[in-house]
Amino acid sequence: MSEAAKLLLIAFSMIFTENYVLVQFLAICPFLGVSKNFDSCLGMSGAVIFVMTLASAVTWTVYHFLLVPFDLTYLQTIVFILVIAALVQLVEIVLKKFIPPLYKSLGIYLPLITTNCAVLAVTILNITENYNLLEACVDGMTAGIGFGLALILFCGVRKALERAKPPKCFEGLPITLIAAALTSMTFMGFAGIAEKLFH
Amino acid sequence: MNPVLIAVLVLGGVGLVCGVLLAAASKFMAVPVDERFPKIRECLPGANCGGCGYAGCDGYANALVDGSEEKINKCTAGGAAVAEALARVTGKTAEAVEAKTAYVHCKGDCSATQKKAEYNGTKTCKASRLLFGGEGSCTFGCLGYGDCAAVCPEQAINVINGVAHVNGARCIACGQCVSVCPQKIISLIPADAAVKVTCSNKEKGPAVMKKCKAGCIGCGLCQRNCPVEAIKVENNLAVIDYSVCVGCGACQAVCPKKCIL
């Protein structure tokens, strides 16, 4: 498989077939927490895409140039958490100083995703899948886009839920969880497509 | 070398580098926060009602700090107390805050008017209005599904007998009900207003008479009897100009339909 085809495969599977939220059930907390209104959905998705891409690049570098030479690969989880947390803080400071408009739109969401499981998952997956640096970055970015897609789709579902009248005992979170389950089942339809498309 | 020692050193090193980097970044890239901001923000009630015209209390405080907003009496929720506190912090003189309250210009409750149809759709004013202007015979009046009550941050609005009523004691005059009402029959009036028009119907007299016992028929008696020309009949509906009104009550006394309170 050519490099370009491999990147496309990564992108497609991260957004659709292996969608972090709807297929792998990671990052459910922001998925339920932020999906109430469309603007915060966009803000959160932007922040996640940004952080996942950066984190992929940085953790890949740390892993291959620090952990592998010292034979410390078993430390990857704790080192990755440390690096991601510091990175997000640093990005926040830099954005605040140099790009205030971007800080204002992403700012409040950045601390929320510092130790988000999806961000950690994408970095660890990059290592286990033996991706190179470019593939890792594409993986991170498209995983973020997949997260954004799930969030925005579900935001629409919740808008419809507001108008619906569920039975009393299902009001609020129960009906939201059921709707989330149904939304995630729709993504099962993508299963197996990616391999056929790009082979 | 001991593998445990290496692990500790590497992890410690990564932590140290991250820490130093963050400390340096926060030192060299610190954004100075205007020291007046927290002081001003403290004066505001934090209700984030939007009555001042800004997106929440932070927005108003920001505007005051950067000078784009001159007036310190815009907080309707806090009233005079907040304006005084702001005056102390900003060094400006407090201007009088005109205490306002929301008022629903409709008294067409179930006893005064009739339904022209039975409505079974979504229970909001906005939705019911889409079908022939609501189920009531008067298409100008309160629809009674309480869109205003739902949006009110202070639970100051109750729908009683099919018409929304504002509890003046709880109303903070944020104006959210004014903008959400699809009939546009809520307005902010001075809290101590002596007279209020209780109708919003702009149809001609006979048409109003058929539809509602409490409707303004646009007869113009109030206009002729007002000593200061504060009340005018426009589009068959009496409207009071509160900047002129002296509250003598002459209009109230002569109104044949008792729709000036």
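Our structure is the block above this text.
Cut-offs and rules
Residues numbered from 1 in each chain as written. Chains lettered and ligands numbered in written order. Predicted model: local features only at pLDDT ≥ 70, side-chain atom pairs only at ≥ 80, totals over all residues. Heavy atoms only, no water. Helix = DSSP H or I, 4+ residues; strand = E, 2+ residues; numbered from the N terminus. Buried < 20%, exposed > 50% of the residue type's maximum accessible area, 1.4 Å probe, protein only. Contact = heavy atoms within 4.5 Å. Areas by Shrake-Rupley, 256 points an atom, 1.4 Å probe, with all protein chains shown as cover. Pairing = 2+ DSSP bridges. Buried area = accessible area lost by both parts, 1.4 Å probe. Salt bridge = Lys/Arg side-chain N within 4 Å of Asp/Glu carboxyl O. Polar contact = N/O pair within 3.5 Å; in protein donor to acceptor, adjacent residues only side chain to side chain. Nonpolar A, V, L, I, M, F, W, Y, C, P; charged D, E, K, R; others polar. Disulfide = S-S within 2.5 Å. Lys, Arg positive; Asp, Glu negative; His and termini not counted. Phe/Tyr/Trp six-rings, centres within 6.5 Å; stacked < 30°, edge-to-face > 60°. Axes fitted to C-alpha atoms, helices over the stretch in contact; angles between N-to-C directions. Parallel < 35°, antiparallel > 145°, perpendicular 65-115°, else oblique. Left-handed = near helix turned anticlockwise from the far one by under 90°.

K.L.:
Can you help me understand the overall build of chain B in this one?
P.N.:
Counting its regular elements, chain B contains 10 helices and 6 strands. Across the 261 residues in chain B, those meeting the buried criterion constitute 39%. Contacts in chain B between residues far apart in sequence, at least 24 positions, make up 53% of those at least 6 positions apart. When the accessible surface of chain B is summed, it comes to about 14200 Å², and 57% of that surface belongs to carbon and sulfur atoms.

K.L.:
Even after reading the chapter, I still don't get the pairing of strand 5 (residues 231-234) of chain B, so can you show me in this structure?
P.N.:
Moving residue by residue along a regular strand, the side chains alternate between the two faces of the sheet. Residues and elements named next belong to chain B. With 4 bridges joining them, strand 5 and strand 6 (residues 237-240) adopt antiparallel strand pairing. Paired with lysine 232 across the strands is valine 239, a residue of strand 6. If you look at the hairpin formed by strand 5 and strand 6, you'll find 2 residues sitting between the two strands, and asparagine 235 has a positive phi there, around 50 degrees.

K.L.:
How should the interface of chain B and chain A be read in this particular structure?
P.N.:
A common way to express how large an interface is: the accessible area buried when the components associate. With 15 residues of chain B at the interface, the matching set in chain A holds 18 residues. Between chain B and chain A the total buried area reaches about 1400 Å² when both faces are included, carbon and sulfur atoms providing 90% of it. The interface formed by chain B and chain A contains 0 salt bridges. Inspection of the chain B/chain A interface yields 0 residue pairs in polar contact (both at pLDDT 80 or more). Here the side of chain B that touches chain A is composed, by residue class, of 13 nonpolar, 2 polar and no charged.

K.L.:
Just checking my understanding: could you explain the state of the cysteines for this structure?
P.N.:
Covalent bonding between the sulfur atoms of two cysteines is what defines a disulfide. Residues and elements named next belong to chain B. Under the defined criterion, the tally for this structure stands at 0 disulfides over all chains. Just so you know, cysteine 148 is unpaired, no disulfide at all, and the nearest cysteine sulfur is the one on cysteine 125, 6.1 Å from it. Here cysteine 148 falls in the buried class, since its relative accessible area comes to 7%. Not engaged in a disulfide, the cysteine cysteine 171 finds its nearest cysteine sulfur in cysteine 177; these two sulfurs lie 6.2 Å apart. Residue classification places cysteine 171 among the buried residues on the basis of a relative accessible area of 17%.

K.L.:
Sorry, what's going on with the side chain of Asp147(B) here?
P.N.:
Residue and element names in this part refer to chain B. With respect to the helices and strands, the residue aspartate 147 is situated in helix 6 (residues 147-151). Buried within the structure, aspartate 147 lacks any salt-bridge partner; its nearest side chain of opposite charge belongs to lysine 126, at an N-O separation of 7.1 Å. From its side chain, aspartate 147 meets the backbone nitrogen of cysteine 125 in a polar contact 2.9 Å long. Dropping the residues within four chain positions of it, aspartate 147 is found in contact with Thr124, Cys125, Lys126, Val180 and Pro182.

K.L.:
Please explain the packing of aromatic side chains as it appears in this structure.
P.N.:
For any pair of aromatic rings, the description consists of the separation of the ring centres together with the inter-plane angle of the planes. Residues and elements named next belong to chain A. Going through the model one piece at a time under the given rule, you end up with 7 aromatic pairs over all chains. Residues phenylalanine 16 and phenylalanine 190 carry aromatic rings whose centres are separated by 4.7 Å and whose planes lie at 45 degrees to one another, so their mutual orientation is tilted. Residue phenylalanine 16 is located in helix 1 (residues 3-17), and its partner phenylalanine 190 is located in the loop between helix 8 (173-188) and helix 9 (193-198); the two are separated by 174 residues in the primary sequence. The class of phenylalanine 16 is partly exposed, set by a relative accessible area of 24%.

K.L.:
How should I be thinking about unusual backbone geometry in this particular structure?
P.N.:
Phi angles above zero are rare outside glycine, and Ala27(A) is one such case at about 60 degrees. For Ala27(A), the location among the structural elements is in the loop between helix 1 and helix 2 (28-33). For Ala27(A), a relative accessible area of 1% corresponds to the buried category. Positive phi outside glycine occurs at Asn236(B), with the angle close to 65 degrees. Relative to the elements of secondary structure, Asn236(B) occurs in the loop between strand 5 and strand 6.

K.L.:
Would you mind showing me how to read the packing of helix 4 (residues 76-98) of chain A against helix 6 (residues 117-128) of chain A here?
P.N.:
Two quantities define a packed helix pair, namely the angle between the helix axes and the distance between the axes. Residues and elements named next belong to chain A. It is at 10 Å that the axes of helix 4 and helix 6 come closest, and there the two elements cross at 130 degrees. One finds that helix 4 runs oblique with respect to helix 6. Regarding helix 4 and helix 6, the two cross each other, and that crossing is right-handed. Side by side, helix 4 and helix 6 meet where Gln76, Thr77, Phe80, Ile81 and Ile84 of the first sit next to Val119, Leu120, Thr123, Ile124 and Ile127 of the second. In terms of residue class, the contact of helix 4 with helix 6 is made up of 7 nonpolar, 3 polar and no charged.

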